[in-house]
Amino acid sequence: MKKRSVIFIVLFLILIFLGSTILISMGTKDIDSSLVFSLSITPTAYPLPTRTYKQATLLEKLTNIFSTLFHGPAMLTEPSNNDREIGKTDHFVLFARENDTDLSWFLAEVEHIYFYESSRIDTNLSEKINIIISVPEPGLCAPRGTTYFNETTTIFLFADPNTPKEQISAAFAHELGHAFIHSLYPNLTDTALNEGMATWLAEKFWVAWKMNSFDNEIRSFAKEQSYLPLYLNQDMTKAYEKTKECLQNRDILLTEFASFIDFLMREYGVDRLSSLFNVQQPEIIDSQRLVYPPNYQEVYGLELNQLEQKWLISILE
Ligand SMILES: [Zn+2]
């Protein structure tokens, strides 16, 4: 065989080796991002990144002001004269906005939900909360509820006669959870933990709506391979980006974080969870907004991905 042919064959073999190594490592990366990571080996710590956001420029702020002037505000976030008052309870004032759904049953339900959550978190809310029931918003990723912290807190619920009662109660319980969190953990600026905690507070009503416990839901996600790793979804993008999977992903992530928080509480106690919720507040440096992650390492001596594995072992094994 000529020397040149030998060199050619050797080069060809090296190329095949390199190509297959790259393919194998890409495959491993894919597997790592699903739930197939080993439950027997503690994973390497994966510290959560500090996220940076560009501040709005003067031009963008002006464009915003003009669009508000010409199109009006996107949504009136407090009760107005056009909203019909449908009732008052000890802790709430209820209004209907362009909505003739019969909600007389809901008036009794709100106090029931209030006392359930108040005793779960051992806190009372000092001021009455407005509830506005409005027609569902269009779009792929429409919210079922939203809470605005203005001078008074206003919870929006989006419902029409087709909305199941269980969904209305669960969505309200979740939103009321945000009001309790706002009062007790004002520094909880981390979206994932805030959403998880609001869902945890709403547990009884969430479980009645989904007809499955938090932990059983996790077992189903694992089986159906719809599980979303917490440490890779801590920014919650998948829950809110406008895709057709967004609502499904939102419920998956909310349930996962609720079950994870329940584990942290049972395993390490409420005091350490309170420390975790005391997140370093965002700040602006060089016109960039820096959002710091919760400090899992300092509170638990483990990063989120390592705690996530412990929690999954407790549920799946
Ligand atoms: Zn929420």
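None of these values were measured; they are calculated from a predicted model. Residue positions are counted from 1 within each chain, in the order its sequence is given. In keeping with the model being predicted, local features are shown solely for residues with a pLDDT of at least 70 and side-chain atom pairs are shown and tallied solely at 80 or more, while totals for entire chains, interfaces and linings include all residues.

What follows is about the sheet that holds strand β5 (residues 145-149). Only strands that DSSP links by at least two bridges are regarded as paired with each other. A run of H or I in DSSP becomes a helix once it reaches four residues, and a run of E becomes a strand once it reaches two; helices and strands are each numbered from the N terminus. If you walk across this open sheet you meet the five strands as β2-β3-β4-β6-β5, and the pairing is mixed. Sheet topology places β2 (84-88) and β5 at the edges, where each strand pairs with a single neighbour. In this sheet, adjacent strand axes meet at a mean angle of 20 degrees when their direction is disregarded. Both strand β3 (residues 92-97) and strand β4 (residues 129-134) contribute to a ladder of six bridges, which runs parallel. Residue pairing across strands places Arg-97 opposite Ser-134, the latter belonging to β4. Its contacts with the sheet put helix α4 (residues 165-184) on β4, β5 and β6 (153-158), and the angle it makes with β5 is roughly 25 degrees. Each axis is a line fitted through C-alpha atoms, taken for helices only over the stretch in contact, and angles between the N-to-C directions span 0 to 180 degrees. For every residue pair, C-beta atoms are placed from the backbone, and the pair is scored as a contact if these atoms sit within 7 Å.

Okay, helix α3 (residues 104-121) next. A rise of 1.5 Å per residue sets the reference length of α3, with its 18 residues, at 26 Å; its end C-alpha atoms lie 27 Å apart and thus fit the reference within 8%. Where α3 is concerned, the buried positions are Phe-106, Val-110, Ile-113, Tyr-114 and Glu-117. In this structure, the buried residues of α3 make contact with β3, β4, α4, α5 (191-201) and α6 (203-210). Multiplying 1.5 Å by the residue count of a helix minus one yields the expected span of that helix. Working definition of burial: number of other C-beta atoms within 10 Å of the residue's own, with buried at 20 or more, exposed at 12 or fewer, and partly exposed in between, all C-beta atoms being placed from the backbone.

On to the pairing of β5, then. Bridging between β5 and β6 involves five bridges; their strand directions are antiparallel. Across the sheet, residue Phe-149 finds its bridge partner in β6, namely Thr-153. Between the antiparallel neighbours β5 and β6 lie three residues.

Turning next to the sheet that holds strand β7 (residues 283-285). An order of β1-β8-β7 is seen for the three strands of this open sheet, with the pairing classed as antiparallel. Across the chains shown, the open sheet's two edge strands, defined by having one partner strand only, are β1 (51-54) and β7. Going from strand to strand, the sheet's axes swing by 35 degrees on average, the running direction of each strand aside. Pairing of β7 with strand β8 (residues 288-291) involves three bridges; the strand directions are antiparallel. Residue pairing in the sheet places Ile-284 in a bridge with Arg-289 of β8.

Of note, the phi angle at Glu-98 is positive, near 45 degrees, even though the residue is not glycine. Checked against the element boundaries, Glu-98 lands in the loop between β3 and α3. On the basis of neighbour counts, which here come to 10 C-beta atoms within 10 Å, the residue Glu-98 falls in the exposed class. Although it is not a glycine, Asp-286 adopts a positive phi angle of roughly 50 degrees. The topology assignment puts Asp-286 in the loop between β7 and β8.

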